[in-house]
Every structure is written in C-alpha cells, then in structure tokens.
Amino acid sequence: MSKQPLQVLLMNNGPGRSRNVWESTLAALLLLLTAILFWGCGNAVGQASRSYQLTDEHGRAVTFPNDYRGRKLVVSYIYTHCPDVCIVTTTAIEKVRKQLAGKGDDVSFVSITLDPRRDDTTALRQYAELRGIDTQNWHFLTGAESTVDSLLDDMGLVRRRSFIEQNESGRETYFIDHDDPVVLWDREGAIRDRFKGTTLNSDDVAQAIHELP
Amino acid sequence: MNFRSQLARSLRLGLPLLALLAACGAPEQPQGHRSGGITITGMWGTPGINGRVSAAYGTIANHGTEPDSLIAISSPAAPLIEVHQMVEQEGMLRMRGMKWPVVIAPGDSLAMAPGGTHLMLMELHQSLQLGDSVTLRLSFASAGQREVRFQIGNQQNKPQN
Ligand SMILES: [Cu+2]
C-alpha cells in the first residue's frame, strides 16, 4: 500500500532519536513529497497494476478489473467452504445492494474466490443461487490458481490455509484463515475505500458508493 | 490440529462418562427435572453446498444448578459437526474448534451467532437450501439427548423454530 512510506517515516522520527537540522529538513521534504503524491492521486489508496483473466459464475470470461471500467465497483473476497465469515460479508453486501436499489445501476459487485483450487464456476454459481443472489450485477470470480493467487497477493490479501486433512477418498479438506476487506473502486479503477466485511455498516458503504466519483 | 481424531477422542472419553453419569443420576432425579436444565432456542442455519459446509446458530442455555456438557452432535444432514469459534489473529479471521466436551455452567449459555460461535456442519450429504429443515441430535452429559429441528435461512431473515 502506498501509505506505508509515510508510516515508516513517522516511526523513524520517534522520540529519543537524536536529530540534526539536515535530517529534519529531509524528513519535512519527504513528507511534503508524500503529501503531493497523495494529492496527485486524488485520495486513491491504490490501483490494480495489471489485469487478470478470470471466469464468472456462469463460466464467462472476465478481464479484471478492465471489464468494470466506467462502473463503480464493490470488491469482496470469499470461498465456498467458508461457513461463517464469508457469509456475514456476503449478506452485508446484499444488504448494501438492496439499499442502493434504483440508484445502483452504475455499480457492479464482485466477489473473488480465496480458494481457486476448489472453487470452480459451478461451486460459485451454487453459492450465489443458494443465497438467492441475483447475479445480474454481482459476479463471483475464479480462475487459474496461479492467476487468482497473484491477484490476491497484488491486492495485499493476507490468507493462510489451515486444518489441512486428507479424508478417506484422499480428497484434501482445509479452511482458509483470511482478511475480510470490502473494497470500493471508482470508475477509473482506482481503489478509494476499504471496509471490514464482518462489521460492515450498509449505510456507510451505500453512502461511500454514492460519493464515489 | 486434527478435528476428527479430536472428536473420536472426545467420544471415547465422553461416552463412558455419560454412562456413568446416567447410571448414578437416574434413580435420584425425576426425568423431567434432569432434562429440564438445558434449553435450545432460536436455532437456524445457513445454506450450504453438497459436500461442503453450513453453519448453525442459536442459544443453548443451562437453567439448572449444575454444569452440563455438550458431548457430541449428530445429524442426518452431515457426518461431522463441531463447535467453532471465530477469532481474529495476525490480521486474519480464523476458525478455532472448541474442545469436546463443551461445558455450560449453571445459569450460563452457549450463544451462537454469525461472526462469533457456530455449529459447523461439514461434508454435507446434500445441499441445504433456504427453507430446508435440518435435525440435530445433541448429547449432553446430564440432560441426555436432545433433538432440534430448524430451518435454513438468511441472516436478515432468521426463521424461528
Ligand atoms: Cu466453522
């Protein structure tokens, strides 16, 4: 994330550290530079540096995020073996979507799998269908494991497989510990806001979507 | 950690204990009282895909004067059911299996809600859809076997039993 240099800089200037004039001036200049960079980006907190070839829940090819340019985008991360957290997030997003009803024609919702190994198109379609989700403007994306993994890495998604077991038929069972961000992208593909899925307040998110340029 | 072996171990330890408790408890207390301590309310579950998982929520309360323990849970819907807790660690949300038996102190309850504690139904025999009914058989050390039937629903729209 582009916020990091600022934090590092502030930490280096912590109490108890001997400073001279040059050091202070340099720090001030760097701060100014960071501020200018932030200003120049118009409050964006990140941007996808490349595009990814993915597939939606109906098996249609999707180039992420390019295919969503021109639309406001709400991105979340789920996997279909996730019993609790992902469903809390998905349910909260559905609430946002219903809240936007009528005013959300320019908004797309995207849930990207954290588990491309097991989440194929069918699993994602079932996941949506079982929850009565209308997939008209909400896509559930998967893809080649390497593609999805690099997307998740690029997006800074912290995750780790846990409780790995083999069952009688040799099939692997595991869950994924993961972060639960819900991220708002503007029409230009710049990342503007980030919420926590499990504590999502639908009013706040609907408002933030409304305010997106 | 291996949940299945933990479950098997718990059962090995728990079942003789249950037999022992039943043997010494039965003559002293009338049936109604003995099972009156535990109530299970507000149960509902989330949809789940065949072979995958589903979560169930609700409250198991101990109104008795002695601690009681949840020893095992079984269901025709899934071969493996555990009590899980969500914890936040190292910036990640993780599921942690609660050790069997799950002890409920007198006057206390096991409250299960999304994002907190859940009953985890694993390797579902078939998909659970909105409106489907699920039966669980919960075994308590003192209260004995309890059967609950509940519906699959959405969080915003929790069906009551
Ligand atoms: Cu669980």
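Every residue gets a number counted from 1 within its own chain, in the order that chain's sequence is written. Following the order in which they are written, the chains are lettered starting with A and the ligands numbered starting with 1. Since the coordinates come from a predicted model, pLDDT governs what is reported: local features require at least 70, and pairs of side-chain atoms require 80 or more to be given and counted, while whole-chain, interface and lining totals use all residues. Think of the side-chain values as coming from all heavy atoms in the structure, minus any hydrogens and water.

### Description of the overall build of chain A
For chain A, the helix and strand inventory stands at 6 helices and 10 strands. Scored against the burial criterion, the 213 residues of chain A give a buried share of 50%. In what follows, a contact means two residues having at least one pair of non-hydrogen atoms within 4.5 Å. Pairs at least 24 apart in sequence give 69% of the contacts found in chain A among residues at least 6 apart. Runs of H or I in DSSP of at least four residues are treated as helices and runs of E of at least two as strands, each being numbered from the N terminus. Note on classification: 1.4 Å probe, protein chains only; a residue is buried when its accessible area is under 20% of the maximum for its type, exposed when over 50%, partly exposed between these limits.

### Description of the pairing of strand E10 (residues 144-152) of chain B
All names here are of chain B. Being paired, for any two strands, means DSSP has found at least two bridges between them. Inspection of the sheet shows strand E1 (residues 38-45) paired to E10 by 2 bridges, in the parallel sense. Looking at the pairing, Gly45 lines up with Ile152 of E10. Bridge analysis of strand E9 (residues 133-140) against E10 gives 8 bridges, and the strand direction is antiparallel. Note that in E10 the partner of Val134 across the bridge is Phe150.

### Focus on the state of the cysteines
Residue and element names in this part refer to chain A. Two cysteine sulfur atoms form a disulfide, by the criterion used here, when they sit within 2.5 Å. The tally for this structure, following the rule as stated, stands at 1 disulfide over all chains. One disulfide bridge connects Cys82 with Cys86, the sulfur atoms lying 2.3 Å from each other. Across the disulfide from Cys82 to Cys86, rotation about the S-S bond amounts to roughly 95 degrees, and the bridge is consequently right-handed. Among the residues examined, Cys82 registers a relative accessible area of 4% and is labelled buried.

### Here we look at the interface of chain B and chain A
Opposite the 37 residues of chain B that make contact, chain A presents 34 residues. Contact with chain A buries surface across chain B, with Arg52, Met92 and Leu93 of chain B losing the most and accounting together for 23% of the total. Each reported salt bridge corresponds to a side-chain nitrogen of Lys or Arg within 4 Å of a carboxyl oxygen of Asp or Glu. Counting across the chain B and chain A interface gives 4 salt bridges. For the purposes of these results, a polar contact is taken to be a pair of N or O atoms within 3.5 Å, where, inside protein, one atom must be able to donate a hydrogen and its partner to accept one; residues adjacent in sequence count only when each atom of the pair is a side-chain atom. Across the contact surface, chain B and chain A share 10 residue pairs in polar contact (both at pLDDT 80 or more). Sorting the residues of the side of chain B that touches chain A by element identifies helix H1 (3-25), strand E2 (54-62), strand E4 (80-89), strand E5 (92-97) and strand E8 (117-122) of chain B as the ones contributing at least two each. Broken down by element, the side of chain B that touches chain A gets its largest block of residues, 5 residues, from E5 of chain B. As used here, buried area is the combined drop in accessible area, with a 1.4 Å probe, of two parts when they are placed together.

### What to know about unusual backbone geometry
The residue after Phe64 of chain A, namely Pro65 of chain A, is reached through a cis peptide bond having omega 0 degrees. In this fold, Pro65 of chain A is placed in the loop between strand E3 (61-64) and strand E4 (72-78). With an omega dihedral of -10 degrees, the bond running from Trp100 of chain B to Pro101 of chain B counts as a cis peptide bond. If you trace the backbone, Pro101 of chain B turns up in the loop between E5 and strand E6 (102-104). Positive phi, normally seen in glycine, also occurs at Glu90 of chain B, with a value near 50 degrees. Position of Glu90 of chain B relative to the elements: it lies in the loop between E4 and E5. Overall, Glu90 of chain B belongs to the exposed group, its relative accessible area being 58%.

### Describing the coordination of the copper ion
All names here are of chain B. Only nitrogen, oxygen and sulfur atoms count as donors, using a 2.8 Å cut-off from the metal that widens to 3.2 Å for Na, K and Ca. Water is left out, so coordination shells may look unfilled. His84 (ND1), Met95 (SD), His118 (NE2) and Met120 (SD) make up the full set of protein donors to the copper ion, lying at 2.1 to 2.4 Å. For the copper ion, the 4 donor atoms in the first shell make angles of 102 to 118 degrees at the metal, a pattern classed as tetrahedral. Donor residues binding the copper ion come from one chain and are separated in sequence as H-x10-M-x22-H-x1-M. Separated by 11 residues along the polypeptide, His84 in strand E4 and Met95 in strand E5 bring together distant segments of the chain. Taking relative accessible area as the criterion, His84 reaches 0% and is therefore assigned buried. The geometry test gives tetrahedral to four donors whose angles all lie between 85 and 135 degrees, gives square planar to four donors and octahedral to six donors whose opposite members are over 155 degrees apart with all other angles between 65 and 115, and gives irregular to the rest.

### Some points on the packing of aromatic side chains
All names here are of chain A. Pairing of aromatic rings covers Phe, Tyr and Trp, the last through its six-membered ring, and needs centres within 6.5 Å; plane angles under 30 degrees mean stacked, over 60 mean edge-to-face, and all others mean tilted. Under the counting rule described, the total for this entry stands at 6 aromatic pairs over all chains. Counting every residue linked through ring pairs, the aromatic cluster contains Phe109, Tyr127, Trp138 and Phe140. Here, a charge over a ring means that NZ of Lys or CZ of Arg falls within 6 Å of the ring centre while also lying within 35 degrees of the ring normal. In this arrangement the basic side chain of Arg118 is found over the ring face of Tyr174, its NZ or CZ atom lying 3.5 Å from the centre. Geometry around Tyr174 places Arg161 over its ring, the cationic atom sitting 4.3 Å from the centre.

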